[in-house]
Amino acid sequence: MQRTDPLDTGAGSLLRQPKAVWATAGASVVAFMGIGLVDPILPSIARGLSATPGQVSLLFTSYFLITAFAMLVTGWVSSRIGGRRTLLLGLALVVVFAGLSGTSDSVAELVGFRAGWGLGNALFVSTALAVIVGAAAGGSAAAILLYESALGLGMACGPLLGALLGDASWRYPFFGTAALMAVGFLCITAFLKEQPRPARRTSLLDPLKALGHGGLASVAASAFFYNYTFFTVLAFTPFVLDMTPYRSGAVFFAWGVLLAVFSVVVAPRLQRRFGSLKVLGGSLLLLAADVLVLGYGDRGTAVVCTILSGAFIGVNNTVYTELALGVSDAPRPVASAGYNFVRWFAAAAAPFFAPRIEEWTDVHVPFVVAAVTAVAGAAVVAVRRRALVHEVQELEPRHAAEDGVAVFAD
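Scoring rules and cut-offs
Residues take numbers from 1 onward in each chain, read along the sequence in its written order. Local features in this predicted model are restricted to residues of pLDDT 70 or higher, and side-chain atom pairs are both shown and tallied only at a pLDDT of 80 or more, whereas totals for entire chains, interfaces and linings draw on every residue. Values shown for side chains rest on all heavy atoms present in the structure; no hydrogens or waters enter the calculation. For this document, the term salt bridge refers to a Lys or Arg side-chain nitrogen within 4 Å of an Asp or Glu carboxyl oxygen. In this text, helices come from DSSP runs of H or I with a minimum length of four residues, and strands from runs of E with a minimum of two, each type numbered from the N-terminal end. Note on classification: 1.4 Å probe, protein chains only; a residue is buried when its accessible area is under 20% of the maximum for its type, exposed when over 50%, partly exposed between these limits. As a per-residue quantity, pLDDT reports the predictor's confidence and falls between 0 and 100. Contacts: residue pairs with any heavy atoms within 4.5 Å of one another. Both site types are read off a 1 Å grid over the protein atoms alone. A 1.4 Å probe that fits but cannot get out defines a cavity, while an open set with protein on both sides within 12 Å along at least five of seven lines defines a pocket; lining residues have an atom within 4 Å of a point. Grid points are joined across faces, edges and corners, and a volume is the space filled by probe spheres set on the points. Gly counts as polar in this scheme, as do all residues outside two lists: the nonpolar Ala, Val, Leu, Ile, Met, Phe, Trp, Tyr, Cys and Pro, and the charged Asp, Glu, Lys and Arg. A helix is expected to reach a length of 1.5 Å times the quantity of its residues less one. Think of it this way: the bend at a residue is just the angle between two axes, each fitted to seven residues, one set ending at that residue and the other starting at it.

J.: Would you mind showing me how to read the pattern of salt bridges here?
T.: Opposite charge on two side chains permits them to pair, given that their charged atoms come into close proximity. Tallying each qualifying case throughout the model produces 1 salt bridge. Across the pair Arg171 and Asp105 runs a salt bridge, and its minimum N-O distance is 3.9 Å. Of this pair, Arg171 sits in the loop between helix H8 (139-166) and helix H9 (172-191) while Asp105 sits in the loop between helix H6 (83-101) and helix H7 (107-135), placing them 66 residues apart in sequence. Judged by its relative accessible area of 62%, Asp105 is exposed.

J.: Can you walk me through the confidence of the model for the chain in this structure?
T.: Low-confidence regions, as indicated by low pLDDT, have predicted coordinates that should not be scrutinised in detail. Taken residue by residue, the chain gives an average pLDDT of 83. The fraction at 70 or more is 88%. Residue range residues 1-12 is modelled with pLDDT below 50. Its contacts to residues more than four positions away, or to other chains, number 34 contacts.

J.: It is not clear to me how the environment of Ala143 should be interpreted in this structure. Could you clarify?
T.: Assignment of secondary structure puts Ala143 in helix H8. With a relative accessible area of 0%, Ala143 lands in the buried category. Sequence separation between Ala143 and Leu129 is 14 residues; the distance between their C-alpha atoms is 7.8 Å.

J.: What am I meant to see in empty space enclosed by the protein here?
T.: One water molecule sets the probe size; rolling that probe over the atoms shows where empty space is left. Applying the stated criterion across every chain yields a total of 3 cavities of 30 Å³ or more. By volume, the largest cavity is sized at about 340 Å³. In terms of lining residues, the largest cavity is bounded by 32 residues, among which Phe32, Tyr147, Asn340, Arg343 and Trp344 are the most central. When residues of the lining of the largest cavity are traced back to their parent elements, those giving at least two are helix H2 (19-36), helix H5 (58-81), H7, H8, helix H11 (214-241), helix H14 (299-326) and helix H15 (332-360). Looking at the lining of the largest cavity residue by residue, the class counts come to 19 nonpolar, 10 polar and 3 charged.

J.: What exactly am I supposed to notice about H15 here?
T.: Along an α-helix, residues three or four positions apart point the same way, because every turn accommodates 3.6 residues. Given a rise of 1.5 Å per residue, 29 residues ought to cover 42 Å, and the 42 Å separating the end C-alpha atoms of H15 matches this to within 8%. By the largest-angle criterion, Ala349 marks the main kink of H15, which is about 30°, and a proline, Pro351, follows within four residues.

The following block contains the structure:
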């Protein structure tokens, strides 16, 4: 891409934010913790509920399948009841279903409760991005970095919390998340005031219509392949490493730290120097090589490659978010909803297929498939490069004018 400073924002402006933004970002950290929370305790859950790895992997599949469909609903809900109420509704659902997850007596119950958790998380996380974009000082650049910071910190702390609490019982991390989200609920209630609702209500079909734009459809297709790779690492690797909760938590904590640093600090600098599409394509190819080595290396190599993948995932997350928000002529919340609707299907598919591919073949092949999907994501970017560059440049002035306008759908 020809953009010279896609996420150029000073550290000072990034830190000088209203209390409402910090409250929303803080609750977002806890929300993202819920994604990686179960990583270090997946083997413990399997043993505790007498379940197979394939059955336990459905914790991710149910969560993200509901999340994908919820993306068509979040904008419809938030444009009618407002961003603050949507955030509170999402938080309340997470508190209830995270707590219920800790009481599960069977893997089927736990999978079902995780689906309800996914609905609440979708309502909260998608609306949180829109609220931060609307309320953050410094425009969309600062907002995206704040959001990615919350994502990275949550991804890093989730496995650590899961390990610390899960060492005593696999149930405790779920109760801990419910308690933290309850604190987030109180913070949003105290610090976030209701913002003006958008002039036009979002329909259920608007995100699907937005995908009719070639640039957005291309970004979503590339992100679909990338997310399959991402969640193969996140959901399947813990079974391959087969470590204690503490050791597995330490590995994914280090992974999350790299994810946070590369998404917030490294990615913007790489984009300014090389352009977003070159950075994205190169990062996807490096991720493909990394997961291939992960699949065929010994345990030590697998640990190193798992941690290293966080760097590439961090870069990819930031670039994809920026592209999804800026590539089409649809309002940012609607474009983001369509984009997320597509990509979360891959997050649901990878945890389901990876253990089954291992059963049909061997432990190496799921990582070969993950490497192929990362390359496929890079191929989409390469094929659509010219159109993406042109479309982003044409739309930059309009999106710049939107910065600072409150929106409440994603």
